[in-house]
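Commentary on secondary and tertiary structure
Single-letter residue listing:
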Amino acid sequence: MPALQSARAWLGRIQHRRLWLLAAALAVALALAVFGLRSADETQWVTAKVDQGSIVQRVSANGTLNPVILVNVGTQISGTVIRLHTDFSQRVKAGQLLAELDPSLLESQIRQSEANLSSARATLENAQLALKRNENLRARGFVSDGALDGLRRDLETARAQVAQVEAQLARDKTNLGYSKIRSPIDGIVIMRGVDVGQTVAASFQTPTLFQIARDLRNMQIDTSVSEADVGSIRPGQEVKFRVDAFRERDFVGKVRMTRLNPLNQQNVVTYNVVIDVDNEDNTLLPGMTAQVSIVTNQKDGVVRVPSAALRFKPPESERSEPAPAAPAGAQDGARGRGRGANAPTRVYLVGKQQEPVAREIKVGISDGRFTEVLEGLAVGDEVIVRAPPATAPASNSGFRMRLF
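Before going into details, it helps to say that this report is about the structure given with it. (Residues numbered from 1 in each chain as written. Predicted model: local features only at pLDDT ≥ 70, side-chain atom pairs only at ≥ 80, totals over all residues. Heavy atoms only, no water.)

1. A look at the overall build of the protein chain
Cut-off, in case you're wondering: The numbering of helices and of strands both runs from the N terminus, where a helix is a DSSP run of H or I of at least 4 residues and a strand a run of E of at least 2. For each residue, the accessible area found with a 1.4 Å probe, counting protein chains only, is set against the maximum for its type, and the residue is called buried under 20%, exposed over 50%, and partly exposed in between. When checking whether two residues touch, look at their non-hydrogen atoms; a contact exists if any pair is within 4.5 Å. Note that accessible areas follow from Shrake-Rupley with a 1.4 Å probe, and for residues the cover is restricted to the protein chains shown.
Looking only at helices and strands, the protein chain features five helices and 20 strands. A total of 404 residues make up the protein chain; the buried ones form 33% of that total. Partitioning the contacts of the protein chain with sequence separation of at least 6, the portion at a separation of at least 24 is 74%. When the accessible area of the protein chain is evaluated, it comes to approximately 25,300 Å², of which 51% is carbon and sulfur surface.

Now the structure itself:
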């Protein structure tokens, strides 16, 4: 009997504990259901406040750093390079000797022209003596006028021959001077395109032997800007850029001009925008690729709204009519969206019942992150930027409790 009583008491305690566990589980389930209903009724939209600050519009492009003045030094004559007097990255002065071509053929041509000149002068002297003798004979009636005229013509021909040979000699001496390649400007050698022993031919076009930059302390960036952005670029606009060699450093420059010659590649039209750069410390090198950002418009202290609010569209079932605070004469936001500065558009605020309430506004410039508000919003207003994260129904919450 005592064992039976002990068993009954143990079963009673188990049943009592089960009742308590069941009651606790029901209370938890009821709390979860109430919380789920409240969360479903009170939708928490993701909002952002309208504030006051600066908006900077920029045009981005890629370009190449180049010297402002870059001279290609060539040769007007053909020949073999026998000496080099400069090399890469060396500074040179105007008139300084850079290279020499083999002058042997040119010197031989000069000697031949000098011999031709001596022969022409001798012919001229003979023509002068013959004319003088025949003029004396004509005075005594031994020579006809026709013979005398022929001698005068021979004298003029001899004089012309002398002048022609003298011109040829001067040309040969000039070509000999061209065998010495000299720098046309003060600057630094950017490129050397020849070596000793190399033959250069100047038959149809002048070969480039050296490239000399006048001054690398003043450089320029040649950028390619699309036709959609080039209309907002003006001379004097501020430019910021970076190069791969100095990723953490921002360099500055100014727009000098937009060249009118368009470049069409695969039906994409671009224009060359030239940017002046101060390179006083010679940090930047020719040929570097620059990531350019041109400031085309800037406004400080304006009312601005996050651009994400202009892109937000609530579900059809939760939309409401525009709020009465919309500015007079505002057009439909769907029609005005994307028209640019001063265009009417639509944003959404949170209503009293947590519903999105439409508000039509007029916007100005935008930098992609923020957009200027001209009418319709004030500093401190909260606008919806995106919908809340999707919440699963209470029946699918996966909550289970095992009683034993």
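2. Describing the side chain of Asn272
Mapped onto the elements of the fold, Asn272 is located in strand 15 (residues 268-278). In contact with Asn272, not counting residues within four places along its chain, are Asp222, Thr223, Met257, Thr258 and Arg259.

3. Details of the nonpolar core
Rules: Here the nonpolar core consists of buried residues drawn from Ala, Val, Leu, Ile, Met, Phe, Trp, Tyr and Cys, with membership extended through side-chain atoms lying within 4.5 Å.
Ranked by internal contacts, the top residues of the largest apolar core, which has 21 residues, are Phe241, Ile275, Leu284 and Ile294. At the level of elements, strand 2 (51-67), strand 11 (218-226), strand 12 (238-243), strand 13 (246-258), strand 15 and strand 16 (289-306) are the ones that each hand at least two residues to this core. What Leu284 contacts, discounting residues up to four positions off in sequence, is Leu65, Met219, Phe241, Val243, Phe251, Val277 and Asn279.

4. What about the environment of Gln76?
Topologically, Gln76 is positioned in the loop between strand 3 (70-74) and strand 4 (79-84). Overall, Gln76 belongs to the exposed group, its relative accessible area being 58%. For Gln76, the residues in contact, after removing those within four places along its chain, are Tyr178 and Ala202.

5. Some remarks on the packing of helix 2 (residues 104-139) against helix 3 (residues 145-178)
For clarity, the cut-off: In this analysis, axes come from line fits to C-alpha atoms, helices being fitted only over the stretch in contact, and the angle between any two N-to-C directions falls in the range 0 to 180 degrees. Oblique is the label for any angle not covered by the other classes, which are roughly parallel (under 35 degrees), roughly antiparallel (over 145) and roughly perpendicular (65 to 115). Throughout, a crossing is termed right-handed when the near helix is turned clockwise from the far one, and left-handed when it is turned anticlockwise from it by less than a right angle. When residue character is reported, Ala, Val, Leu, Ile, Met, Phe, Trp, Tyr, Cys and Pro are called nonpolar, Asp, Glu, Lys and Arg charged, and the others, Gly included, polar.
Relative to each other, helix 2 and helix 3 sit at 160°, their axes nearing to 8 Å. One way to sum up the angle between helix 2 and helix 3 is to call them roughly antiparallel. In the packing of helix 2 onto helix 3, the handedness of the crossing is left-handed. Residues of the contact of helix 2 with helix 3, tallied by class, amount to 16 nonpolar, nine polar and 12 charged.

6. Examining the pairing of strand 2
Two faces make up the sheet, and in a regular strand the side chains alternate between them. What counts here: Strands are labelled as partners when DSSP assigns at least two bridges between them.
Bridge count for strand 2 against strand 16 is 13 bridges, and the pairing is antiparallel. Bridged to Val56 within strand 16 is Gln298. Relative to strand 11, strand 2 runs antiparallel, the two being bridged by five bridges. The residue bridging Pro67 from the neighbouring strand is Met219, located in strand 11.

7. Some details on the sheet that holds strand 3
What the four strands build is an open sheet, ordered 3-10-8-5; its pairing is antiparallel. Both edges of this open sheet fall to strand 3 and strand 5 (91-92), since each of them pairs with a single strand only. Taken together, the four bridges between strand 8 (residues 187-192) and strand 10 (residues 208-213) define a ladder with antiparallel strand orientation. Looking at the pairing, Ile188 lines up with Ala213 of strand 10.

8. A look at the sheet that holds strand 4
Spatially, 7-6-4-9 is the arrangement adopted by the four strands of the open sheet, whose pairing is antiparallel. Only two strands of the sheet have a single neighbouring strand rather than two, namely strand 7 (180-182) and strand 9 (199-200). Where strand 4 and strand 6 (residues 97-101) come together, three bridges link them in antiparallel fashion. Bridge pairing in strand 6 places Val81 opposite Leu101.

9. A word on helix 3
Along an α-helix, residues three or four positions apart point the same way, because every turn accommodates 3.6 residues. So the rule is basically this: Residue count minus one, scaled by 1.5 Å, sets the expected span of a helix.
With 34 residues, helix 3 ought to run about 50 Å at 1.5 Å a step, and its terminal C-alpha atoms sit 50 Å apart, in line with that. Considered for burial, the residues of helix 3 that qualify are Leu148, Gly150, Leu151, Leu155, Ala158, Val162, Val165, Leu169, Asp172 and Asn175. Next to the buried residues of helix 3 lie helix 2.

Note that all results are geometric; they support no functional claim without further evidence.
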